[in-house]
Amino acid sequence: MKTKILATALVAAGAGFARKRHFEKVDAVAPSLRHPLLYMPVSGLTKISSLLPAPQRNWMPVAPAAAGVRVQEVTPDYLGHTAPTGFLNIPEHITGDGAVLWIHGGGHVIATAGANQAYPSKLAQELGVPVFSPEYRNAGEAPFPADLEDVYTALHWFQENAEHYGINPAKIAVSGSSAGGGLAAAVVNKAFDEGHPVNFQALIYPMLDDRAVLRKDDEGRGNFVWTRTDNEYAWRTYLNREPGGPGIHEYAAPARRENLAGLPATWIGVGELDLFYEEDLAYAQRLKEAGVNVQTHVEPGMYHGADVLVPRATSTQSFNASLLKALRDFFVEPSE
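The residue numbering used here restarts from 1 in each chain and proceeds along that chain's sequence as written. Local features in this predicted model are restricted to residues of pLDDT 70 or higher, and side-chain atom pairs are both shown and tallied only at a pLDDT of 80 or more, whereas totals for entire chains, interfaces and linings draw on every residue. Only heavy atoms go into the side-chain values, all of them from the structure, while hydrogens and water stay out.

Visitor: Help me out: how do you make sense of the packing of aromatic side chains in this one?
Guide: Two numbers describe a pair of aromatic rings. These are the distance of the centres and the angle of the planes. Note on aromatic contacts: the rings of Phe and Tyr and the six-membered ring of Trp form a pair at centre separations within 6.5 Å, being stacked when their planes are under 30 degrees apart, edge-to-face when over 60 apart, and tilted otherwise. All told, the structure shown has 14 aromatic pairs when counted by the stated rule. Aromatic side chains Tyr78 and Tyr152 sit 6.3 Å apart centroid to centroid with 70° between the ring planes, which places their arrangement in the edge-to-face category. In this pair, Tyr78 sits in strand β2 (residues 77-78) while Tyr152 sits in helix α3 (residues 146-161), placing the two residues 74 residues apart along the sequence. With a relative accessible area of 24%, Tyr78 lands in the partly exposed category. The way it works is that DSSP assigns letters per residue, a run of H or I at least four long becomes a helix, a run of E at least two long becomes a strand, and they are numbered from the N terminus. Working definition: with a 1.4 Å probe on protein chains only, accessible area under 20% of the residue-type maximum means buried, over 50% means exposed, and in between means partly exposed.

Below you can see the structure in the form of structure tokens.
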């Protein structure tokens, strides 16, 4: 009996210590970004994707669009490949001939373009340009390169049909967040390789490097929303093999691309506490060394997805303002 009581006490003490350590981690978060969910030490959220019926787009509801934005459903087709139906957000008040191809995140394993419609429609409203949010197959339905094929088809369709919507094809920016940011980088690289490049990419805390799973120390990052456990599971599911080893294609993990010369002007934003902080800044530095015009925005005390969890926070506003300015500056630049 005494042994059982002692064991119970030790377990309780250990749990209490772990909780205390977790609460201390919250202290590093910018005050405006602290959310009640941060006090719940939850890890492995992406594993829920294995419990969801695929394809998720068949049952996840489509989020309503922002006010003053008309949504047109589009099923892109290119060279015999038909991508899933995506959403073209067209604002009532058009302010220029630019546009954005925006790619949703979800670790390659969860979420849909429809469920994420709030963001691209709001982006269209704020920028005054059309924003196309393509749908793509997630890894639960088909691993890499299925999603790249879908998004590449969407980009090519958008470029080919741009003038129909009053868009200058040279003014299409490609953007995305998290895994969508990694996909954005990949599709930009592929478009460059295939001879129909884009001229600007905006990567929001992009998921770029499967080799990050090999790091021994994350230096206090990745404690909230997107953890090392999430990252390992997502990469393994997406690649359909163990991440970090040789032979991973550069379109799956854009940080593996050796030659970055000739890629378009780039904005990369990431939080100081984001698990992707190191790989994002490393990619930005390599782009600069390759002669690419790069802007970086590091938001102090920001964790992965904080802008979604706390959208009205001052830190979120600072982060979004940097992104919007970079896109607006691109739209007003003279096209080649």
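Having seen it, we continue.
Visitor: Explain the packing of helix α2 (residues 118-127) against helix α8 (residues 314-332) here, please?
Guide: Helix-helix packing is characterised by the crossing angle of the two axes and by the distance between the axes. With axes taken as lines fitted to C-alpha atoms, and helix axes fitted only over the stretch in contact, angles between N-to-C directions fall between 0 and 180 degrees. Two numbers describe how α2 lies on α8: the axes approach to 11 Å, and their chain directions differ by 55°. It follows that α2 is oblique to α8 by the angle criterion. The hand of the α2/α8 crossing is right-handed. Here Tyr119, Leu123, Glu126 and Leu127 of α2 lie close against α8, whose contacting residues are Leu323, Leu324, Leu327, Arg328 and Phe331. Roughly parallel means an angle under 35 degrees; roughly antiparallel, over 145; roughly perpendicular, 65 to 115; everything else is oblique. With the far helix as reference, a near helix turned anticlockwise by less than a right angle produces a left-handed crossing, and one turned clockwise produces a right-handed crossing. By definition in these notes, contact holds between two residues if any of their heavy atoms fall within 4.5 Å.

Visitor: Quick question: what am I supposed to make of α3 here?
Guide: One turn of the α-helix equals 3.6 residues, which is why residues spaced by three or four share an orientation. A helix's residues, less one, multiplied by 1.5 Å, set its expected span. If you check α3, its first and last C-alpha atoms are 23 Å apart, about what 16 residues at 1.5 Å a residue would give, namely 22 Å. Counting buried positions over the 16 residues of α3 gives 13, a clear majority of the element.

Visitor: Which parts of the structure should I look at to understand α2?
Guide: Listed as buried for α2 are Pro120, Ser121, Leu123, Ala124 and Leu127. For α2, the buried positions fall inside an angular range of 155° around the axis, keeping them on one side. Lining the buried residues of α2 we find β1 (69-74), β4 (86-91), β5 (99-103), β6 (131-133) and α8. Among the residues trailing α2, Gly128 stands out with phi positive, at a value near 75°. What the arc covers is the set of directions going from the helix axis to the C-beta atoms.

Visitor: What's the story with the nonpolar core in this structure? I'm lost.
Guide: Core analysis: the biggest nonpolar cluster contains 54 residues, and Leu101, Ile103, Phe158, Val174 and Tyr283 have the highest contact counts within it. Looking at this core, the elements that each hand over two or more residues are β4, β5, α3, β7 (172-177), α4 (179-194), α5 (228-239) and α6 (277-289). With residues near it in sequence (within four places) discarded, Ile103 still touches Pro134, Tyr136, Val151, Val174, Ser175, Gly176, Ser177, Gly180, Leu183, Ala184 and Val187. Only buried residues count toward a nonpolar core. Its members are Ala, Val, Leu, Ile, Met, Phe, Trp, Tyr and Cys residues joined through side-chain atoms within 4.5 Å.

Visitor: So what exactly am I meant to see when it comes to the pairing of strand β10 (residues 294-299) here?
Guide: Each regular strand shows side chains that alternate between the opposite faces of the sheet. Here, any two strands with at least 2 DSSP bridges between them count as paired. With six bridges connecting them, strand β9 (residues 265-271) and β10 associate as parallel partners. Looking across to β10, one finds that Thr266 is bridged to Val294. Remark: the β9/α6/β10 crossover connection has right-handed handedness. The handedness of a crossover follows from its direction of travel: if, with the strands pointing away from the viewer, the path from the first strand over the helix to the second runs clockwise, the crossover is right-handed.

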